[in-house]
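Okay, here's what each chain looks like letter by letter:
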Amino acid sequence: MTHAASAGSSARLLLVDDDEAACRLLAEVLEREAYRVVTALSADEALAALDEPVPFDAILTDLRMPAKSGLDLLRIVRERDPAALVLVLTAFGDAAAAGDAIRAGAYDFISKPYDIAALRETLARALGRRRLASVRRERPDRPTDGADGHAGPALVGHSPAIIQVMKTLARVAPSQATVLVVGETGTGKELVARTIHYFSERADRRFVAVNCSALAEGLLESELFGHVRGAFTGATTSRPGLFREADHGTLFLDEIGDISLPLQSRLLRALQEHEIVPVGSEAPVKIDVRVLAATHRDLPELVRQGHFREDLYYRLNVVTLMLPPLRERRQDIPLLMDHFLRELAARHGRGPVAVDPEAQRRLLGYEWPGNIRELQNVLERAMLLAEQDVIGHEHLPSEVHQHAASPVAAASPPPNPDPLRSLEEVEREHVMRVLAACGGNREETSRILGISRRTLSRMIQRWNLPRRLT
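What you see is a predicted model, and the numbers here were worked out from it, not measured in a lab.

Conventions we followed
- Residues numbered from 1 in each chain as written.
- Predicted model: local features only at pLDDT ≥ 70, side-chain atom pairs only at ≥ 80, totals over all residues.
- Heavy atoms only, no water.
- pLDDT = per-residue confidence, 0-100.
- Contact = heavy atoms within 4.5 Å.
- Buried < 20%, exposed > 50% of the residue type's maximum accessible area, 1.4 Å probe, protein only.
- Helix = DSSP H or I, 4+ residues; strand = E, 2+ residues; numbered from the N terminus.
- Arc of directions from axis to C-beta.
- Axes fitted to C-alpha atoms, helices over the stretch in contact; angles between N-to-C directions.
- Parallel < 35°, antiparallel > 145°, perpendicular 65-115°, else oblique.
- Nonpolar A, V, L, I, M, F, W, Y, C, P; charged D, E, K, R; others polar.
- Pairing = 2+ DSSP bridges.
- Core = buried A, V, L, I, M, F, W, Y, C linked by side-chain atoms within 4.5 Å.
- Expected span 1.5 Å × (residues − 1).

Next up on the list: the confidence of the model for the protein chain. Scored by pLDDT, the protein chain has a mean of 81; 83% of the residues are at 70 or more. Segment residues 1-8: pLDDT under 50, and 27 contacts once partners within four positions in sequence are set aside and those in other chains are kept. pLDDT under 50 marks residues 130-151. Its contacts with residues more than four places away, or in other chains, come to 41 contacts.

Below you can see the structure in the form of structure tokens.
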């Protein structure tokens, strides 16, 4: 399945939804926008349509369908054509599934009930972004590991904040734009930078990372721009510098807020003129480097104080990705724990390691000032101390215990805390509560939940809710 490089009114769309009425109505809306729409009521029908010789420019698929789900369809389509443009249609409570879809390669997701203006904008933007698809078609044998040997990165989570990061990342990665990644220490800024590089046109070239706060100013200048022999005491040989090492690839400048004003001036010139001058030389050297930068500091405040150049700030701040601290995405902690425990078990040659309920309660209640990096370190320490492949609260560091025991953390938690539940269980309970509060009135319940009555009826049928509520 290949995509024509078309957008707008000439685009041919495949719309997949097992709700025949909803599928027909959305098709009419899209046809009024001058799209050519083919509908399918199941994943199998969609696959049959994709076997036809006339290609589709984009696929819009509902997530929850019987037999093969929209996620199943997405994976099959992406196996056939990694450049396929797929958008998923999600109902209330589908945040986790939407996150899975983004990680599986969906370009974006569109929430139900549809905001027609937002739908039009999202679809137009998606159809206008063909460059990444063409690059992937030209490199179908692209290896799992990047050219620098780093395995393909993976963002983990299904919280709304991290899904928004995934969506923005998917849009900016194929561009040449400079990206500024902002967040507290330990939130995963380098992982985001590596992900941008991995899904860019430069993925087969080098990703070079440097921590600007870890080097003295003179050494950092030489590291970035290189130097010629004899430029300073000890410069017995010439060195190309990291900009030239990253030529045609990506240079990641971590903790960009810590560099001095003179070095900021040299960096600005490199970004504007696409050339550098090695230390001790007067001859400029042309470069082709995409720069990604990150900081935990408040750059606008540093600009106001005169500690950071305003022109450099705007040059770096073409696109900003704000990474939330872990305490603001607690629902991702179980997923991150599972991810890290599997990674750590493989690294240390261990079998599967579990976390007992009390240890998990304390981990979920901790504030995590060191964010994801601290979580990973705590889990590694606990795993090494756990002899029976079960991490207990006694294997956790004292700061986690102190927070869990403090009155600020959770005033007098119940002696038998509720076990962690799935998103579906929480969603079911919430729908039941709203239904009960509305006296079983489905119209009012649908309005409060922000979903269509048809979607609510499907939820009721799927969960077999008590008739007294409905």
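Right, picking up where we left off after that structure.
Turning to helix H2 (residues 43-50), its buried residues are Ala 43, Ala 46, Leu 47, Ala 49 and Leu 50. Here the buried residues of H2 occupy an arc of 160° about the axis, which is enough to place them on one side. At its buried positions, H2 is contacted by strand S1 (12-16), strand S2 (36-40), strand S3 (58-62) and helix H3 (70-80).

To describe two helices that pack against each other, one gives the angle between their axes and the distance between the axes. Relative to each other, helix H9 (residues 217-225) and helix H11 (residues 261-273) sit at 10°, their axes nearing to 11 Å. As the angle between them shows, H9 and H11 are arranged roughly parallel. Here Glu 217, Leu 220, Glu 221 and Phe 225 of H9 come into contact with H11, specifically with Pro 262, Leu 263, Arg 266, Leu 267 and Ala 270. Residue composition of the contact of H9 with H11, by class: six nonpolar, no polar and three charged.

We now examine the sheet that holds strand S11 (residues 290-295). If you walk across this open sheet you meet the five strands as S7-S8-S11-S6-S12, and the pairing is parallel. Looking along the sheet, the strands with just one partner apiece sit at the ends: strand S7 (207-211) and strand S12 (319-322). Ignoring which end each strand starts from, the neighbouring axes of this sheet average 20° apart. In the sheet, S7 pairs with strand S8 (residues 250-254) via five bridges, with the strands oriented parallel. Residue pairing in the sheet places Val 210 in a bridge with Leu 253 of S8.

Ranked by internal contacts, the top residues of the largest apolar core, which has 44 residues, are Leu 14, Val 16, Val 179, Val 192 and Ile 196. Here this core takes six residues from helix H7 (residues 160-172), the largest share from any one element. Counting 32 residues, the second largest nonpolar core, distinct from the first, contains Cys 212, Leu 271, Ile 276 and Ile 287.

Helix length check: helix H1 (residues 20-32) (13 residues) gives 18 Å between terminal C-alpha atoms against 18 Å at 1.5 Å per residue, within 8%. Listing the buried residues of H1 in full gives Cys 23, Leu 26, Ala 27, Val 29 and Leu 30. Viewed end-on, H1 has its buried residues packed into an arc of 160°, placing them on one side of the element. Opposite its buried face, H1 presents the exposed residues Glu 20, Leu 25 and Arg 32, each directed more than 90 degrees away.

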